[in-house]
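These are the residues of each chain, in order.
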Amino acid sequence: MSESSLGAHHTDEPWQRLVAAALRAAYAWSVRGVHRNAAMREIARMTGVVMEVYGPGRGPVTPAVLVERLRAPLGGLLVDARQEVAELADVVLLDEEGNLTEKAYDLVCEHVVPLKEAAGAQRWLPTWVTMHSDQIRHRVFTAMIATTKQDEYVASRKFLVQHPAGGERDLVEKRDRTDGVRLAGGSYQDIPEEQTYRGPDGRGWWWRCPDCKWPMAVSSAGKVRCRYRPHSAVYDLLPGTRPKLRRRDDGPGAPLPVAQAAEGAKCVDAGVWRFVVVPGVSELRIAAAAERTKAEVQLWPLLDRYDLLVETGGEKFAVDVKECLSLNSLIDRLRTRPPSARILLPKPFRWQLEPLTDALPGLAVTTETKFLSQVRAAVRKAQ
Ligand SMILES: [Zn+2]
């Protein structure tokens, strides 16, 4: 996903501010056990944002009422924008236990806009609830990747995508063995508790998602699953001092993820995972498939002007991979900032082709399957 040209954002719509405030308040509520005062202040601040959007005498007027609304479908809060946010209308942010729901992590986070009045030092709030996805990517590429040389940039970004978690010593060894990786210190942090199982002896364990390799979420009910739902394998936890997983559905006979010790293990933060690692997995998969046809592939050319440049002797194809669960926010983004290459929808997002072309008739867009057959045909022609 190319984000090198960070254009100014257009003025945010009131409903976007509501969604952002609701997610921040829900996040704060979910961590109030750890950040008691800061969390309650944040919920009060977000109540202020919501009241300001609604205007006097309408909508939730106290933090308690706002939290109550976060346990109900978002449509109730977004009454004036039902059309624009049909995909969010049924989404609930907080479950009965006061934890964030799966949709908060994978869909609603694509709608986050920064709230100016709530900026400032809120270091306990994660980037994915306070920043626009473009800002998170931009921050990663300027702060974490410590180089402006193209080959080092590609090696570093590829490393983050391929190694989003692992034992600290192992990550360091892999980094040192891989040519050109230049990562700034502090790129990895401890594995969060919600992605860890604590055994009866107090030792922590985590499991890699088979698709993205980041630690899967471990629910208190013993369900283990990646927070990004298109990575769809679901497991039951078999507790103990050496915990194991059992696949919940029949699924393809892939090997079961093995428990890793949480002690000494690190992972990239949730914002980097969601907006760099998750799309990066698709970008690398498509690049590898194009390479197998004997085409020449460059990843993120010109320091990320777009995602892939594929050359087949005679022809050149430039594409920008867009992996967005939210069709609305994808359309909105492409409208504000026209892409510098043809849009490519990865396999699970093929369904977006028609609605996207309907909404933006001039847009050049293709799918993973169509694109790869086009590359294959061009390679054959060149031979
Ligand atoms: Zn995953």
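Residues numbered from 1 in each chain as written. Predicted model: local features only at pLDDT ≥ 70, side-chain atom pairs only at ≥ 80, totals over all residues. Heavy atoms only, no water.

Novice: So what's going on with the overall build of the protein chain? Residues and values would help.
Specialist: When its secondary structure is counted, the protein chain shows 13 helices and 15 strands. Taken against the 2.2 N^0.38 rule, which gives 21 Å for 383 residues, the C-alpha radius of gyration of the protein chain at 22 Å falls within 12% of a compact globule. Seen through its C-alpha atoms, the protein chain measures out along the principal axes to roughly 70 × 55 × 40 Å. In the protein chain, which comprises 383 residues, the proportion classed as buried is 52%. If you take every contact in the protein chain between residues at least 6 apart in sequence, the share linking residues at least 24 apart comes to 59%. A total accessible area of about 18100 Å² is found for the protein chain, and carbon and sulfur atoms account for 51% of it. Treating the 54 positive side-chain charges of the protein chain as one cloud and the 48 negative ones as another, the clouds have centres 2 Å apart. (Helix = DSSP H or I, 4+ residues; strand = E, 2+ residues; numbered from the N terminus. Rg over C-alpha atoms; globule rule 2.2 N^0.38 Å. Buried < 20%, exposed > 50% of the residue type's maximum accessible area, 1.4 Å probe, protein only. Contact = heavy atoms within 4.5 Å. Areas by Shrake-Rupley, 256 points an atom, 1.4 Å probe, with all protein chains shown as cover. Lys, Arg positive; Asp, Glu negative; His and termini not counted. Charge placed at Lys NZ, Arg CZ, Asp CG, Glu CD.)

Novice: I'd like a description of the environment of Y153, backed by residues and values.
Specialist: In this fold, Y153 is placed in helix α7 (residues 150–162). The sequence separation of Y153 and R182 amounts to 29 residues, and the corresponding C-alpha distance is 7.6 Å. Discounting chain neighbours no more than four positions away, the residues touching Y153 are F141, I145, T147, W300, L303 and D304.

Novice: Hey, could you go over the environment of V172 for me, with residue numbers and the actual values?
Specialist: With respect to the secondary-structure elements, V172 resides in helix α8 (residues 168–177). On the basis of relative accessible area, V172 is assigned to the partly exposed category, the value being 34%. Residues V172 and S187, 15 residues apart in the sequence, show an inter-C-alpha distance of 12 Å.

Novice: Describe the domain arrangement of the protein chain, naming the residues involved and giving the relevant values.
Specialist: Partitioning the protein chain into structural domains gives domain 1 (14–133), domain 2 (146–183), domain 3 (189–267) and domain 4 (272–382). A separation of 35 Å is found between the C-alpha centroids of domain 1 and domain 2. (Domains from an automatic or database assignment.)

Novice: Hey, could you go over helix α9 (residues 270–292) for me, with residue numbers and the actual values?
Specialist: The terminal C-alpha atoms of α9 lie 32 Å apart, and with 23 residues this matches the ideal 33 Å at 1.5 Å per residue to within 8%. Maximal helix bending in α9 amounts to about 25 degrees, located at V277; proline P279 follows within four positions. Where burial is concerned, most of α9 is hidden: 19 out of the 23 residues are buried. For α9, the side-chain oxygen to backbone nitrogen distance between the N-cap and G271 is 2.8 Å, and the N-cap itself is D269. (Expected span 1.5 Å × (residues − 1). Bend = angle between axes of the 7 residues up to and from the residue. Polar contact = N/O pair within 3.5 Å; in protein donor to acceptor, adjacent residues only side chain to side chain.)

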